[in-house]
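# Overview (structure and organization)
One letter stands for each residue in the lines below.
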Amino acid sequence: MIVVMNPGAGKEDVEKVTTKLQGMGYGVHLSTGENRTIIGVIGQRREEAAQAMEAMPEVERVVFISRPFKLAGRDFHPDDTVIEIGDVVIGGPNLVLMAGPCAVESEEQLLEVAKTIKDAGAQIFRGGAYKPRTSPYSFQGLEKTGLEYLQKVREQTGLLIVTEVMDQFTVDEVAGCADIIQVGARNMQNYYLLRELGRIRKPVLLKRGLSATIEEWLMAAEYILSGGNYEVILCERGIRTFEPYTRNTLDLSAVPLVKQLSHLPIIVDPSHGTGLAGLVPAMSRAALAAGADGLMIEVHSNPQEALSDGPQSLRPDQFAALLKELKGVALSVGRII
Ligand code: PEP
Ligand code: MN
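Calculation criteria
- Residues numbered from 1 in each chain as written.
- Chains lettered and ligands numbered in written order.
- Predicted model: local features only at pLDDT ≥ 70, side-chain atom pairs only at ≥ 80, totals over all residues.
- Heavy atoms only, no water.
- Salt bridge = Lys/Arg side-chain N within 4 Å of Asp/Glu carboxyl O.
- Helix = DSSP H or I, 4+ residues; strand = E, 2+ residues; numbered from the N terminus.
- Buried < 20%, exposed > 50% of the residue type's maximum accessible area, 1.4 Å probe, protein only.
- Axes fitted to C-alpha atoms, helices over the stretch in contact; angles between N-to-C directions.
- Parallel < 35°, antiparallel > 145°, perpendicular 65-115°, else oblique.
- Contact = heavy atoms within 4.5 Å.
- Donors = N, O, S within 2.8 Å, 3.2 Å for Na, K, Ca; no water.
- Polar contact = N/O pair within 3.5 Å; in protein donor to acceptor, adjacent residues only side chain to side chain.
- Pairing = 2+ DSSP bridges.
- Domains from an automatic or database assignment.
- Left-handed = near helix turned anticlockwise from the far one by under 90°.
- Nonpolar A, V, L, I, M, F, W, Y, C, P; charged D, E, K, R; others polar.
- Near = heavy atom within 4 Å.
- Areas by Shrake-Rupley, 256 points an atom, 1.4 Å probe, with all protein chains shown as cover.
- Expected span 1.5 Å × (residues − 1).

With that settled, consider the pattern of salt bridges. Summed over all chains, the structure comprises 20 salt bridges. Between Lys207 and Asp269 there is a salt bridge, and its shortest N-O distance comes to 2.7 Å. Pair noted here: Lys207 is in strand β11 (residues 204-207) and Asp269 is in the loop between β13 (266-268) and α9 (270-274), with a separation of 62 residues, a long-range link. Asp269 carries the same exposure label as Lys207, and that label is buried. Glu325 serves as the salt-bridge partner of Arg285, at 2.4 Å between the closest nitrogen and oxygen. Of this pair, Arg285 sits in helix α10 (residues 280-289) while Glu325 sits in helix α11 (residues 316-332), and the two are 40 residues apart along the sequence.

Turning to the packing of helix α6 (residues 191-199) against helix α7 (residues 214-226), a few remarks are in order. Look at α6 against α7: their axes get within 6 Å of each other, and the N-to-C directions meet at 40°. Taken together, the axes of α6 and α7 lie oblique to each other. Here Tyr191, Leu194, Arg195, Leu197 and Gly198 of α6 lie close against α7, whose contacting residues are Ala220, Tyr223 and Ile224.

Turning our attention to the coordination of the manganese ion (ligand 2). Surrounding the manganese ion (ligand 2) are the protein donor atoms Cys102 (SG), His272 (NE2), Glu298 (OE) and Asp309 (OD), which sit 2.0 to 2.3 Å from the metal. The motif formed by the donor residues of the manganese ion (ligand 2), counted along the single chain, is C-x169-H-x25-E-x10-D. Of this pair, His272 sits in helix α9 while Glu298 sits in strand β14 (residues 294-298); the two residues are 26 residues apart in sequence, bridging distant segments of the chain. Taken individually, His272 and Glu298 each receive the classification buried, so the pair is uniform in this respect.

This paragraph deals with the environment of His300. Relative to the helices and strands, His300 is located in the loop between β14 and α11. Taking C-alpha positions, His300 is 26 Å from Met188, a pair spaced 112 residues apart along the chain. What His300 contacts, discounting residues up to four positions off in sequence, is Pro101, Glu105, Gln109, Ala306, Ser313, Leu314, Arg315 and Pro316. A polar contact of 2.9 Å, which involves the side chain of His300, links it to the backbone nitrogen of Asn302.

Moving on, we come to the pairing of strand β1 (residues 2-5). Judged by which residues are buried, β1 turns out to be covered on both faces: Ile2 and Val4 on one side and Val3 and Met5 on the other are all buried. Bridge count for β1 against strand β4 (residues 59-63) is four bridges, and the pairing is antiparallel. The residue of β4 that forms the bridge with Val3 is Val62.

Domain boundaries in the protein define domain 1 (2-63) and domain 2 (83-332). Each of domain 1 and domain 2 has a C-alpha centre, and these two points are 36 Å apart.

Where α7 contacts helix α8 (residues 254-261), the axes come no closer than 12 Å and their chain directions differ by 50°. Relative to α8, α7 is oriented oblique. In terms of crossing hand, the pair formed by α7 and α8 is right-handed. On α8, the residues touching Ile214, Trp217 and Leu218 of α7 are Ala254, Leu257, Val258 and Leu261. Looking at the contact of α7 with α8 residue by residue, the class counts come to seven nonpolar, no polar and no charged.

On to the site of ligand 1, then. Inspection of the region around ligand 1 gives Cys102, Arg126, Lys131, Glu164, Gln182, Gly184, Ala185, Arg186, Lys207, Arg237, His272 and Glu298 as its neighbouring residues. Within the side chain of Arg126, one N or O atom sits 2.7 Å away from an oxygen atom of ligand 1. Measuring from an oxygen atom of ligand 1, one finds a backbone N or O atom of Ala185 at 2.7 Å. Taken by itself ligand 1 offers 290 Å² of open surface, and the protein chains cover 97% of this. Of the residues contributing to the shell around ligand 1, the split by class is two nonpolar, three polar and seven charged.

Take the sheet that holds β1 next. Spatially, four strands are ordered β2-β3-β1-β4 in an open sheet, and the strand pairing comes out antiparallel. Of all strands in the sheet, those with a lone pairing partner are β2 (27-32) and β4, marking the two edges. Strand-to-strand, the axes of this sheet are offset by a mean angle of 20°, without reference to chain direction. The sheet contacts of helix α2 (residues 47-54) involve β1 and β4, and relative to β4 the element is tilted by about 160°.

Here we come to α7. Working note: α-helix, 3.6 residues per turn, so residues spaced by three or four point in the same direction. With 13 residues, α7 ought to run about 18 Å at 1.5 Å a step, and its terminal C-alpha atoms sit 18 Å apart, in line with that. The set of residues buried in α7 consists of Ile214, Trp217, Leu218, Ala220, Ala221, Glu222, Ile224 and Leu225. In the stretch just after α7, Gly228 is the one whose phi turns positive, near 105°.

Written as structure tokens, this is what we have:
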């Protein structure tokens with residue numbers, strides 16, 4: 001259930017109510033909006049607890065949430081969640097652009113691409129040091145060394161870093177280098193990992209699972225939020241369907257739907273969503289028109305030689321041209337690039 005406080009309720013009023021709830025054995029999460037505070041109450045649904053809350057003068061009303069995701073839902077947090085990392089704001093009017101190679105291959109490769117995507121206008125550099133590959137014979141990533149190279153990108157370019165974590169044991173190591181920690185599609189339902197990410201205080205980019213429903217995806221976010229880490233960014237990256245011409249089917253209807261259901265920011269990854277560089281510009285335009293808060297795009301200086309995901313990677317000049325083109329699309333939906 002959620003407890004909606006009176007519009008004028010102050011800090012002490014909220015404390016009084018949360019202390020009472022905790023005394024009854026409930027977990028509490030606060031959503032402090034501009035006009036009022038909402039308390040997310042986690043625990044067994046009990047009528048008498050709701051009645052006790054409603055009897056408190058500081059409380060306006062109690063609402064039972066029927067959807068399984070409580071903290072990820074709009075009832076608990078009616079305003080959009082806006083995540084600020086340094087100068088970069090995710091979920092506000094400015095769109096966020098994350099770009100870079102699929103995998104960290106070498107220091108030179110990273111720095112070369114990083115400079116070009118920064119000049120083009122991206123704010124966040126992507127690149128996997130830990131790579132979840134379908135085949136054990138494919139390039140598996142540079143791991144620790146890859147994280148060191150990413151660190152150099154941050155130092156030399158000022159770009160923020162988003163990189164993937166593959167298990168709960170390496171969360172602190174990856175968090176030490178990343179500004180945003182990526183959970184890949186294959187790990188969306190790795191609950192030990194999600195719990196560990198709830199423990200830390202760093203934004204998490206949660207990709208949609210290969211065949212995950214929107215509810216399963218929001219429940220995965222719920223794991224992180226319920227640990228007290230409220231900075232989750234969702235990423236639609238395509239789902240598996242019967243269509244073989246594209247690597248995945250990019251579900252753009254998920255964008256406005258997630259916006260209705262949840263307050264969390266959502267970005268779109270048209271690279272994994274299609275698997276084809278030639279489709280990335282059109283699907284980027286469509287994603288922004290659908291209301292996405294940003295894009296994640298794979299960029300490689302020489303896609304033919306890429307150690308992973310070359311066919312879906314744009315060259316830096318293509319990426320720069322795309323961003324120019326996207327400015328107009330952003331403007332048409334009241335956003336800024
Ligand atoms: C990636 O971002 O390179 C990646 C592996 O993505 P996904 O988890 O969406 O397949
Ligand atoms: Mn990739």
